[in-house]
Amino acid sequence: MEIIVPKSSGFCPGVKRAEDGVFQLKEKTPKVNLHGPLIHNQIYTSMLESKGIETVDTESLPEGETLVIRTHGISMQEEKKLAQKFVLKDLTCPIVKRVQKHIEKAAHEESFVIISGKEGHAEVQGLVSYAKDHIVIETENELEKFLKDYKNIIPENYKQIFILSQTTHSRIFFEHICDAIKNTITHIPVVIKDTICAVTENKEKESLELQKTVDWTIVIGDPHSSNSKKLYTILKKASENTLFTKNLVDLQEIKDDWVNTNKVLVVSSASTPLFIEQEIVAYLKNI
Ligand code: SF4
């Protein structure tokens, strides 16, 4: 059986950079304190914990300790508060940092900020802290409500609207809300900044292209990871013969009959560690 793995499979550069940063820190200290899980992958989190790299409760962490800020970033207020107590090792992805800067600039220019994304997502919590007034729109329903009531939602002193996206959110939805807002709100300028991470989009494009040549596609990711579920949804929509698995044991339970299968595409999400992918690829090659 032939196995194809896209070049873009696995950790994105932001996660890879954070992992390298954490392992470098580990060489200097027996314990590494994380502000939250480095990625949404339970198997990987357990592996890090076994090495002394773990999420800590900042309330009980002694003053002066080093604390790692993960790729999603944190809010401006929280960063200031934590910096008074701890030594911060900021591993926020540079792409997310750039979006924070765009919002900060927009706030100085008296722009009302609209974010296409998920309210409460760690990255979005950080982003909104850089805005003065803002709204986060995730669904069609939320968009409709905003468009009906925008005169009451946007304070009168704002002279401009600034629309951007959570880095990993849907491009289709972002373009849709940009069009809808531009067509409805015409009394003040609407500025659009495309802040969607190209790494994620390229992985989706590359996987969709390769998928056309295979019998089955296997997406590897944690069931609680939104980027993993999004990748699976896109590939499943393009081909029914698409499976989602968190590891080899899970895959063996989902499917053990590979008769008449000549070619399989294996793709890991941006938050899937390489060792899980390698185990699955080795297993499939032996069939
Ligand atoms: S998905 Fe993109 S924005 Fe998010 S951490 Fe990875 S490289 Fe950075």
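Residues numbered from 1 in each chain as written. Predicted model: local features only at pLDDT ≥ 70, side-chain atom pairs only at ≥ 80, totals over all residues.

**A short note on the overall build of the protein**
Going by this rule: Each helix corresponds to a stretch of at least 4 residues labelled H or I by DSSP, and each strand to a stretch of at least 2 residues labelled E; elements are numbered beginning at the N terminus. Partly exposed residues are those whose C-beta has more than 12 but fewer than 20 other C-beta atoms within 10 Å; 20 or more makes a residue buried and 12 or fewer makes it exposed, with C-beta atoms placed from the backbone. For every residue pair, C-beta atoms are placed from the backbone, and the pair is scored as a contact if these atoms sit within 7 Å.
Across its full length, the protein carries eleven helices and twelve strands. With respect to the three principal axes, the spread of C-alpha positions in the protein is 65 × 50 × 25 Å. Counting over 287 residues, the protein shows a buried share of 35%. Of the contacts formed within the protein by residues at least 6 apart in sequence, a portion of 70% connects residues at least 24 apart.

**Remarks on the packing of helix α8 (residues 198–211) against helix α9 (residues 226–238)**
Our working rule: The angle between two axes is taken between their N-to-C directions and runs from 0 to 180 degrees, where each axis is a line fitted to C-alpha atoms and a helix contributes only its stretch in contact. Oblique is the label for every angle not falling under 35 degrees (roughly parallel), over 145 degrees (roughly antiparallel), or within 65 to 115 degrees (roughly perpendicular). Left-handed describes a crossing in which the near helix is turned anticlockwise from the far one by less than a right angle; the clockwise case is right-handed. Classification convention: Asp, Glu, Lys, Arg as charged; Ala, Val, Leu, Ile, Met, Phe, Trp, Tyr, Cys, Pro as nonpolar; all other residues, Gly among them, as polar.
Contact pair α8 / α9: the axes reach a minimum separation of 10 Å and the direction vectors enclose 30 degrees. Judged by the angle between their axes, α8 and α9 are roughly parallel. Viewed along their axes, α8 and α9 form a crossing whose handedness is right-handed. When α8 is examined against α9, the residues Thr200, Glu204, Ser207, Leu208 and Gln211 are found in contact with a partner set consisting of Asn227, Leu231, Ile234, Leu235 and Ala238. Across the contact of α8 with α9, the residue classes break down as five nonpolar, four polar and one charged.

**Some points on the environment of serine 225**
For serine 225, the location among the structural elements is in the loop between β10 (216–220) and α9. For serine 225, a count of 20 C-beta atoms within 10 Å corresponds to the buried category. Along the primary structure serine 225 and histidine 40 are separated by 185 residues, whereas in three dimensions their C-alpha atoms are 5.2 Å apart.

**Here's the deal with the domain arrangement of the protein**
Frequently, the measure chosen for interface size is the accessible area that the parts lose on association. Stated precisely, the cut-off is as follows: Per the annotation, domain bounds derive from an automatic or database assignment of domains.
Examined at the domain level, the protein breaks down into domain 1 (2–9 + 198–285), domain 2 (13–92) and domain 3 (95–192). In the side of domain 2 that touches domain 3, the residues fall into two nonpolar, eight polar and no charged.

**Observations concerning the sheet that holds strand β9 (residues 190–192)**
Test applied: DSSP calls a pair of strands paired once it identifies at least 2 bridges connecting them.
Pairing within the open sheet is parallel, and its four strands lie in the order β7-β6-β8-β9. Unpaired on one side and paired on the other, β7 (134–137) and β9 mark the two borders of the sheet. In this sheet, neighbouring strand axes are inclined to one another by 20 degrees on average, regardless of whether the strands run parallel or antiparallel.

**Side note on the site of the ligand**
We apply this condition: Near residues are defined by distance alone, with the backbone-placed C-beta atom required to lie within 6 Å of the molecule or strand.
The ligand sits among 14 residues. The nearest are Cys12, Gly14, Cys93, Ile95 and Cys197. For the shell around the ligand, the elements supplying multiple residues, two or more each, are α1 (13–28), α4 (94–108) and α8. Among the elements that take part in the shell around the ligand, α1 stands out by supplying three residues, more than any other.

**A look at the nonpolar core**
Filter applied, for reference: A set of buried Ala, Val, Leu, Ile, Met, Phe, Trp, Tyr and Cys residues, joined to one another through C-beta atoms within 7 Å, is what we call a nonpolar core.
With 25 residues, the main nonpolar core has Ile103, Val113, Ile115 and Leu127 as its most contacted residues. For this core, the secondary-structure elements that each account for two or more residues are α4, β6 (111–116), α5 (122–128), β7, β8 (160–165) and α7 (171–184).

**With respect to the pairing of β8**
Note the threshold: Viewed with both strands pointing away, a crossover whose connecting path from the first strand over the helix to the second turns clockwise is right-handed.
Most of β8 is tucked away: five of the six residues are buried. Both β8 and β9 contribute to a ladder of three bridges, which runs parallel. Considered in β9, the bridge of phenylalanine 162 is made with valine 191. Crossover β8 to β9 through α7 is right-handed.

**What about the sheet that holds strand β1 (residues 2–4)?**
Strands sit in the order β1-β12-β10-β11 across an open sheet of four strands; the sheet is parallel. Single-partner strands in this sheet number two, and they are β1 and β11 (242–245). When the angles between neighbouring strand axes are averaged without regard to direction, this sheet yields 25 degrees. Both β1 and strand β12 (residues 263–268) contribute to a ladder of three bridges, which runs parallel. What sits directly across from isoleucine 3, in β12, is valine 264. Across the face of the sheet, α8 comes into contact with β1, β10 and β12 while running at roughly 170 degrees to β12.

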